[in-house]
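Architecture and fold: a report
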Amino acid sequence: MKNKINIVMQSKSENESFARIVVAAFIAPLNPTVEELNDIKTAVSEAVTNSIIHAYQEKTGKIILTCEIFERRVKIIIKDYGLGIENIKKAMEPLYTSRPDMERSGLGFTVMQSFMSKVIVKSKKNFGTKVIMIKNLA
Amino acid sequence: MMQLDVLDKNLIVKIKCDIDHHVTDKIKEKIERKLELLNLKNIIFDFERVDFMDSSGIGMLIGRYKFVDKIGGKIYVINLNPNLKPIIEMSGLKKIINFDCDLESVLKSQRKSKAE
Ligand SMILES: Nc1ncnc2c1ncn2[C@@H]1O[C@H](COP(=O)(O)OP(=O)(O)OP(=O)(O)O)[C@@H](O)[C@H]1O
Ligand SMILES: [Mg+2]
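Residues numbered from 1 in each chain as written. Chains lettered and ligands numbered in written order. Predicted model: local features only at pLDDT ≥ 70, side-chain atom pairs only at ≥ 80, totals over all residues. Heavy atoms only, no water.

1. Structural notes on the overall build of chain B
So the rule is basically this: A helix here means a DSSP run of H or I that spans at least four residues, while a strand means a run of E at least two residues long, and both kinds are numbered starting from the N terminus. For the radius of gyration, the atom set is restricted to C-alpha positions; the globular benchmark scales as 2.2 Å times the number of residues to the power 0.38. We call a residue buried when its accessible area falls under 20% of the maximum for its residue type, exposed when it is over 50%, and partly exposed in between, using a 1.4 Å probe and counting protein chains only. The contact criterion used is simple: two residues touch if any of their non-hydrogen atoms lie within 4.5 Å. For accessible areas, the Shrake-Rupley method is used with a probe of radius 1.4 Å. Any residue's cover is judged against the shown protein chains and nothing else. All tallies of charge rest on Lys and Arg as positive and Asp and Glu as negative; His and the ends of each chain are not included. Every charge is mapped onto a representative atom, which is NZ of Lys, CZ of Arg, CG of Asp or CD of Glu.
The helix and strand inventory of chain B stands at four helices and five strands. Here the C-alpha radius of gyration of chain B, 13 Å, is about what a compact globule of 116 residues would show, namely 13 Å. Considering only C-alpha atoms, chain B reaches an extent of 40 × 30 × 25 Å along its principal axes. A total of 116 residues make up chain B; the buried ones form 47% of that total. Contacts in chain B between residues at least 24 apart in sequence constitute 71% of all its contacts with a sequence separation of at least 6. With the model as given, the accessible surface of chain B reaches about 6100 Å², and the carbon-plus-sulfur share is 47%. Distance between charge centres in chain B, computed from 21 positive and 18 negative side chains, equals 5 Å.

2. Some points on the site of ligand 1
The test is simple: Proximity is defined per residue: any heavy atom of the residue falling within 4 Å of a molecule or strand makes that residue near it. Whenever a nitrogen or oxygen atom comes within 3.5 Å of another N or O atom, the pair is scored as a polar contact, on the condition that within protein one atom can donate a hydrogen and the other can accept it, and that pairs from neighbouring residues in sequence are kept only if both atoms are in side chains.
With respect to spatial proximity, 20 residues lie near ligand 1, and among them H54, T97, S98, R104 and L107 of chain A are the closest. Residue neighbours of ligand 1 fall on chains A and B, so the site bridges chains. With respect to ligand 1, the side chain of T97 of chain A contributes an N or O atom lying 2.6 Å from an oxygen atom. S98 of chain A is positioned with one of its side-chain polar atoms (N or O) 2.5 Å from an oxygen atom of ligand 1.

3. Quick notes on the sheet that holds strand 1 (residues 2–7) of chain B
As a general point, the strands of a sheet are linked pairwise by backbone hydrogen bonds and lie either parallel or antiparallel. All names here are of chain B. Inclusion rule: Between any two strands, pairing holds if DSSP finds at least two bridges. As a rule, the C-alpha atoms of each element are fitted with a line to give its axis, helices using only the stretch in contact, and angles between N-to-C directions run from 0 to 180 degrees.
The sheet built from five strands is open, its strands ordered 1-2-3-4-5 with mixed pairing. The two strands at the open ends of the sheet, each matched to only one other strand, are strand 1 and strand 5 (98–101). Between one strand and the next, the sheet's axes are offset by a mean angle of 30°, whatever the strand orientation. Inspection of the sheet shows strand 2 (residues 10–15) paired to strand 3 (residues 42–46) by five bridges, in the parallel sense. Bridging across to strand 3, K14 finds its partner in D46. Against the sheet, helix 1 (residues 21–38) makes contact with strand 1, strand 2 and strand 3, and its axis sits at roughly 20° relative to strand 1, the strand it touches most.

4. Considerations on the interface of chain A and chain B
How big an interface is tends to be reported as the loss of accessible area on association of its parts. Under the convention used in this document: Two parts placed together each lose some accessible area; with a 1.4 Å probe, that loss summed over both constitutes the buried area. Counted as salt bridges are all cases of a side-chain nitrogen of Lys or Arg within 4 Å of a carboxyl oxygen of Asp or Glu.
Facing the 23 residues of chain A at the interface are 22 residues of chain B. Counting the surface lost from both chain A and chain B, the interface buries some 1700 Å², and carbon and sulfur atoms represent 53% of this. The interface formed by chain A and chain B includes three salt bridges. Taking the shortest distance from any N to any O, the salt bridge between R20 of chain A and D18 of chain B comes out at 2.8 Å. For the pair chain A and chain B, the number of links is 10 residue pairs in polar contact (both at pLDDT 80 or more). When residues of the side of chain A that touches chain B are traced back to their parent elements, those giving at least two are helix 1 (14–27), helix 2 (34–55) and helix 4 (108–115) of chain A.

5. Brief notes about the pairing of strand 3 (residues 73–80) of chain A
Residue and element names in this part refer to chain A. Pairing between strand 2 (residues 62–70) and strand 3: eight bridges, direction antiparallel. Within strand 3, the residue paired with C67 across the bridge is I76. Counting the residues in the hairpin turn of strand 2 and strand 3 gives two residues, including E71, whose phi is positive at 50°. As defined by bridge partners, strand 3 adjoins strand 5 (residues 128–136) across eight bridges and the pair is classed as antiparallel. Residue pairing for strand 5: K79 is matched across the bridge by K130.

6. What to know about the nonpolar core
To keep things clear, this is the line we draw: Joining through side-chain atoms within 4.5 Å is the link that ties buried Ala, Val, Leu, Ile, Met, Phe, Trp, Tyr and Cys residues into a set, and such a set is a nonpolar core.
I40, L65, V74, I76 and M133 of chain A are the most contacted members of the largest nonpolar core, which has 34 residues in total. Among the elements that take part in this core, helix 2 of chain A stands out by supplying seven residues, more than any other. With sequence-adjacent residues up to four places away left out, V74 of chain A is seen in contact with I27, L30, I40, C67, E68, I69, M133, I134, K135 and L137 of chain A. With 32 residues, the next largest nonpolar core counts V111 of chain A together with V23, M60 and F99 of chain B among its residues.

7. As for the pattern of salt bridges
All names here are of chain B. Evaluated as defined, the whole model comprises 10 salt bridges over all chains. Notably, a salt bridge pairs D46 with K14, separated by 3.7 Å at the nearest N-O pair. Taken together, the residues D46 in strand 3 and K14 in strand 2 connect sequence positions 32 residues apart. A relative accessible area of 9% places D46 in the buried class. Looking at K14, the relative accessible area reads 21%, which means it is partly exposed.

In structure tokens form, the structure reads like this:
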């Protein structure tokens, strides 16, 4: 099976649940297990939330969600045109957060990495960030 | 979204929605207002109707832990949905919050330690 969706949304917190639900519905034909579905929903929620809080902060911007399925492989891309990440390696360290004041725990990237098969982050300061996540379903 | 009750000087917080960044600030504000208003220090979260939680929820729980820990209070989570177990395990929250209890056992142990 091969299929793809592209969704453009505003960086509003209401869209965090929307993004999870859309991806869950889109991959439903692959019959993922409850655990797989929950892993993917959580990873999507982390990436979209990061674009909203860190990339755009108080402003409103565009987030592009792409989900592609090919056989048993799910590929998700979350892209923003916000602040960007200067030091990706440091940002991905467990417990690192630039916003401890907002009760962030610095676990988002760690969650994405442990719940998905592969995570790639591309970012450029002041241009934006692209998070590519792949999950191979059983 | 959530319901607050008081039982034996515990604030019972029953959350009835997904816990993500969209709701955590509201949950935090409501809890802190109530704790201060009624002078309570323990929080029992009832997660029976929480099917989903991401790291925003972890941050919210750590924040409430820090808040009650200063005044000698404790945090309990009851009726944990299996969906939430992987993220709870990952977060290390089990070191500071009790997840393996039910309402009866919490109240019982509190009454016991009070009587002693
Ligand atoms: N899309 C993004 N744009 C700009 N900066 C980002 C983006 N995503 C992540 N970051 C940076 O990477 C850091 C780590 O992200 P991560 O999701 O791991 O933790 P967090 O968001 O700070 O906390 P948590 O996810 O636990 O709530 C963030 O604090 C932020 O500085
Ligand atoms: Mg994050």
